[in-house]
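The residues making up each chain are set out below.
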Amino acid sequence: MEPTIIDGKKVAASALNDVRAEIASLSNRGVQPGLAVVLVGDDPASRAYVGSKERTCNDLGMFSLKKELPADTTQEALLGLIDELNDDPRVHGILVQSPPPPQIDEAAVVRALDPAKDVDGFHPANVAKLALEDATGFVPCTPLGCQRLLTAYDIPIEGAHVVVVGRSLIVGKSLGLLLMAKGEAANATVTIAHSRTRDLAAITRSADIVVAAIGRPHFLTETHIREGAVVIDVGINRVEDTSKKKGYRLVGDVDFDAVAPKCQAITPVPGGVGPMTIAMLMMNTVKACRQQTGLDS
Ligand code: NDP
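Residues numbered from 1 in each chain as written. Predicted model: local features only at pLDDT ≥ 70, side-chain atom pairs only at ≥ 80, totals over all residues. Heavy atoms only, no water.

Draft legend 1. Geometry of the packing of aromatic side chains. Here the structure, examined in full by the defined rule, presents zero aromatic pairs. Note that Arg-238 overlies the ring of Tyr-248, its terminal NZ or CZ placed 4.1 Å from the centroid. Positioned over the ring face of Phe-138 is Lys-287, at 5.3 Å from the centre of the ring. (Phe/Tyr/Trp six-rings, centres within 6.5 Å; stacked < 30°, edge-to-face > 60°. Lys NZ or Arg CZ within 6 Å of the ring centre and 35° of its normal.)

Draft legend 2. Structural detail: the site of the ligand. Taken together, 21 residues surround the ligand, and among them Arg-167, Ser-168, Ser-195, Ile-236 and Thr-277 come closest. Measuring from an oxygen atom of the ligand, one finds a side-chain N or O atom of Ser-168 at 2.5 Å. Here an oxygen atom of the ligand sits 2.5 Å away from a polar atom, N or O, in the side chain of Ser-195. For the ligand, the accessible surface in isolation is 920 Å², of which the surrounding protein chains cover 72%. Here the residues of the shell around the ligand are counted per class, giving nine nonpolar, 10 polar and two charged. (Near = heavy atom within 4 Å. Polar contact = N/O pair within 3.5 Å; in protein donor to acceptor, adjacent residues only side chain to side chain. Areas by Shrake-Rupley, 256 points an atom, 1.4 Å probe, with all protein chains shown as cover. Nonpolar A, V, L, I, M, F, W, Y, C, P; charged D, E, K, R; others polar.)

Draft legend 3. Structural view of the packing of helix H2 (residues 44-60) against helix H10 (residues 274-293). With their axes 11 Å apart at the nearest point, H2 and H10 run at an angle of 55 degrees to one another. The orientation of H2 relative to H10 falls into the category oblique. In this structure, H2 meets H10 at a crossing whose hand is right-handed. Of the residues in H10, those in contact with Ser-52, Lys-53, Thr-56, Cys-57 and Leu-60 of H2 are Ile-278, Leu-281 and Met-282. When grouped by side-chain class, the residues that make up the contact of H2 with H10 number five nonpolar, two polar and one charged. (Axes fitted to C-alpha atoms, helices over the stretch in contact; angles between N-to-C directions. Helix = DSSP H or I, 4+ residues; strand = E, 2+ residues; numbered from the N terminus. Parallel < 35°, antiparallel > 145°, perpendicular 65-115°, else oblique. Left-handed = near helix turned anticlockwise from the far one by under 90°. Contact = heavy atoms within 4.5 Å.)

Draft legend 4. Structural context of the pairing of strand E3 (residues 63-69). Across seven bridges, strand E2 (residues 34-40) lies against E3 in parallel orientation. Pairing of Val-38 across the sheet is with Lys-67, part of E3. Viewed along the sheet, the connection from E2 through H2 into E3 turns out right-handed. (Pairing = 2+ DSSP bridges. Right-handed = clockwise from strand over helix to strand, strands pointing away.)

Draft legend 5. A look at helix H7 (residues 172-180). When we look at burial in H7, the residues that qualify are Gly-172, Ser-174, Leu-175, Gly-176, Leu-178 and Leu-179. Considering only its buried residues, H7 is in contact with helix H5 (124-132), helix H6 (141-152), strand E5 (161-165), strand E6 (189-193) and strand E7 (209-212). (Buried < 20%, exposed > 50% of the residue type's maximum accessible area, 1.4 Å probe, protein only.)

Draft legend 6. Local environment of the sheet that holds E3. Pairing within the open sheet is parallel, and its three strands lie in the order E3-E2-E4. A single partner strand is all that each edge strand has here, and the edge strands are E3 and strand E4 (93-96). For this sheet the average axis-to-axis angle between neighbouring strands, irrespective of direction, equals 15 degrees. Each of E2, E3 and E4 touches helix H3 (residues 75-87); the most contacted strand, E2, lies at about 175 degrees to it.

Draft legend 7. Representation of the layout of surface pockets within the structure. Size it by volume and the second largest pocket reaches roughly 480 Å³. If you go around the second largest pocket, you meet 24 residues; those closest to its centre are Ala-135, Val-139, Leu-144, Leu-178 and Lys-287. Secondary-structure elements contributing two or more residues to the lining of the second largest pocket are H5, H6, H7 and H10. Per element, the largest residue contribution to the lining of the second largest pocket is five residues, and it comes from H10. Residue composition of the lining of the second largest pocket, by class: 12 nonpolar, four polar and eight charged. (1 Å grid on protein atoms, 1.4 Å probe; cavity = no way out; pocket = protein on both sides within 12 Å on 5 of 7 lines; lining within 4 Å. Points joined across faces, edges and corners; volume = space filled by probe spheres on them.)

Rendered as structure tokens:
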């Protein structure tokens, strides 16, 4: 079977075009959506993520505020900055780049965010809204991106058995809630698997759609996937590759070469879920702006 390769770059570009148009229409009404990104410390990967979020904001015409704090920043100082950003009317969305240095209590920082500006969707109020199917909340960006990829390729979700491998809030658990909700692009029968799951391969083989959010390179192989399944690979893992200038390359949680021939459709890594996450962040920020300014439509 020749699988459809799900092109995340293309779908993300189209989502960003929608966001761009929304920003232009808001700007005609005198409002500019704004995103603040907070980076504590100098982790190179985090710095790269923050840089690309800033570039995307600028490219879309969104107000962008980058706050870089030293690695020895105290919890108190960070909470002080969050308070400032909560009160800053230019800023509709706030994101604190993860992971922060060890002296920072990340959960406490997330709880300090104004839930109305929590465009990552990690604040307990937004997690509750997702569980309660209250559409005014913010859904974490990566699960939103996975859902959008499925709908962009007309992959039926309603009634499908979706097996999500991974139960983190940032991906697996939130995606499970999103796809099992009542409503459009949802109504799936969801199974969440994790490291304590018995006979994982039997469970994933029963899936119409398998989502891998594990963090282990090439963990899912052809024995995990049935003929004709759809595979969404969220994993981003560095593996050593001396042929590359950086000395590594990025691979997913799925052994793409082994699995792809069995699939109806599959996302590559890179170029699958990755580009969607940032596009959904921009979408959430525009939604936050609309809610805070009362320009809901
Ligand atoms: P976490 O480490 O928080 O969660 C990993 C999950 O995988 C856990 O639930 C864990 O189970 C489960 N797991 C680990 N080993 C196994 C195993 N042997 N069998 C079954 N399940 C297992 O990771 P994240 O959810 O944050 O990220 C997952 C991957 O997605 C990473 O590669 C990350 O880089 C990538 N990612 C990509 C994003 C994107 O934009 N494309 C965004 C966010 C993440 P348990 O709970 O029992 O420990």
